[in-house]
Amino acid sequence: MDVTQLELVLLCVAALTAGVVDAIAGGGGLVTLPAVLATGLPPHVALGTNKGQSVFGSFAALVRFARAGLLNRKLATVTFPLGLVGSFLGAGLVLLMRPEVLKPLVLVLLVIVAVFLAFRRGPPPGERPAPPRNRMLALGAVIALLIGTYDGFFGPGTGTFLIIAFSGLLGHGLTRASADAKVVNFASNLAAVSLFSYRGLVLWHVALPMAAAQFMGGWIGAHLAVRGGDKLVRKVVLLVVTALVLKLGRDVFAG
């Protein structure tokens, strides 16, 4: 199980691109996972190696958003541990049922998200009053646990669902929602990396060069989100949702 030098270079380019996209709107796995699978690695090794590099991108984006003052640290103290727990629970669920059963449901949810973003009217989420602190923390805990579990179990669209949940339920602007989403993203990725590493399913000599590119991409993407604001995040989220709908739609109807 190995890749050529040329394949490794191309994987790093994919990781850089994915890091940028994922930091803004989620969906970086749409770029990296097919790229890793295209090298011919077994699916379980490809999944582990992909998680091994993606955790660095989510960490870079998290740090950049924190430096910009967009991270709700009180909320993070709740969402990080619950995102971690949720991811472990989701990974355990894989042993009980096949993740593929979720594809039709996720496809429908993504279409609803796309329509919600495309035709939404009224003031941006950031202009609505935030819920009381205790309610905000409770809602954040539920979001982190449920979507963290989904990420550990199935995964596609996790970052995008987190952004929509933090925006729609907590009244955050899309940029701030993207920042808060990265806390859960990083936690669930960390849990996944721990599991895959324990099982020896991460090719670190492939994952680490990709991780360097993913880290750079995550930092650039978060910087673009900070500079571009909600308008940029909304456009990129729509693009990612469209790509996810097309991919899952093909998987469902082809299967």
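As a reminder, the structure under discussion sits directly above these lines.
Throughout, residues of each chain are indexed from 1 in the direction in which the sequence is written. Local features in this predicted model are restricted to residues whose pLDDT is 70 or higher, and side-chain atom pairs enter the listing and the counts only when it is 80 or higher, whereas totals over whole chains, interfaces and linings include all residues. As a rule here, side-chain values cover all heavy atoms of the structure and leave hydrogens and water aside.

Draft legend 1. Main features of the nonpolar core. Nonpolar cores were defined as sets of buried Ala, Val, Leu, Ile, Met, Phe, Trp, Tyr and Cys residues, with membership established by side-chain atoms within 4.5 Å. For the exposure calls, accessible area comes from a 1.4 Å probe over protein chains only, and a residue counts as buried if that area is under 20% of its type's maximum, exposed if over 50%, partly exposed in between. Formed by 43 residues in total, the largest nonpolar core has its most connected members in V106 and F166. Helix and strand assignments come from DSSP, with helices taken as H or I runs of at least 4 residues and strands as E runs of at least 2, each series counted from the N terminus. For this core, the secondary structure elements donating two or more residues are α1 (5-25), α3 (43-67), α5 (103-119), α6 (133-153), α7 (158-170), α8 (174-198) and α9 (204-254). In terms of residue count, the dominant contributor to this core is α9 (nine residues). The contact criterion used is simple: two residues touch if any of their non-hydrogen atoms lie within 4.5 Å. In this structure, F166 is in contact with L75, T79, G140, I143, G171, H172, A177, D180, A181 and V184, ignoring residues within four places of it in sequence. Of all hydrophobic cores here, the second largest spans 18 residues; its members include V3, L11, A46 and F196.

Draft legend 2. Looking closely at α7. Multiplying one less than the number of residues by 1.5 Å gives the expected span of a helix. Look at α7: 17 Å from first C-alpha to last across 13 residues, which is about the 18 Å you get at 1.5 Å a residue. Counting buried positions along α7 yields eleven of 13 residues, so the element is predominantly enclosed. Within α7, the full set of buried residues consists of T158, G159, T160, F161, L162, I163, I164, A165, F166, S167 and L170. Once α7 finishes, G171 follows within two positions and takes phi at roughly 75°, a positive value.

Draft legend 3. Inspection of the side chain of Q214 at higher detail. If you trace the backbone, Q214 turns up in helix α9. Leave out the neighbours within four places in its chain, and Q214 touches A15, L16, A18, G19, T32, Q53, S54, F56 and G57.

Draft legend 4. Structural detail: the packing of aromatic side chains. Working definition: rings of Phe, Tyr and Trp (its six-membered ring) pair if their centres are within 6.5 Å, and the pair is stacked with planes under 30 degrees apart, edge-to-face with planes over 60 apart, and tilted otherwise. Summed over the entire model, instances satisfying the criterion amount to three aromatic pairs. Arranged with centres 5.4 Å apart and planes meeting at 40°, the rings of F59 and F186 form a pair that is tilted. One end of the pair, F59, is in helix α3; the other, F186, is in helix α8, with 127 residues separating them in the sequence. For F59, a relative accessible area of 36% translates into the label partly exposed.

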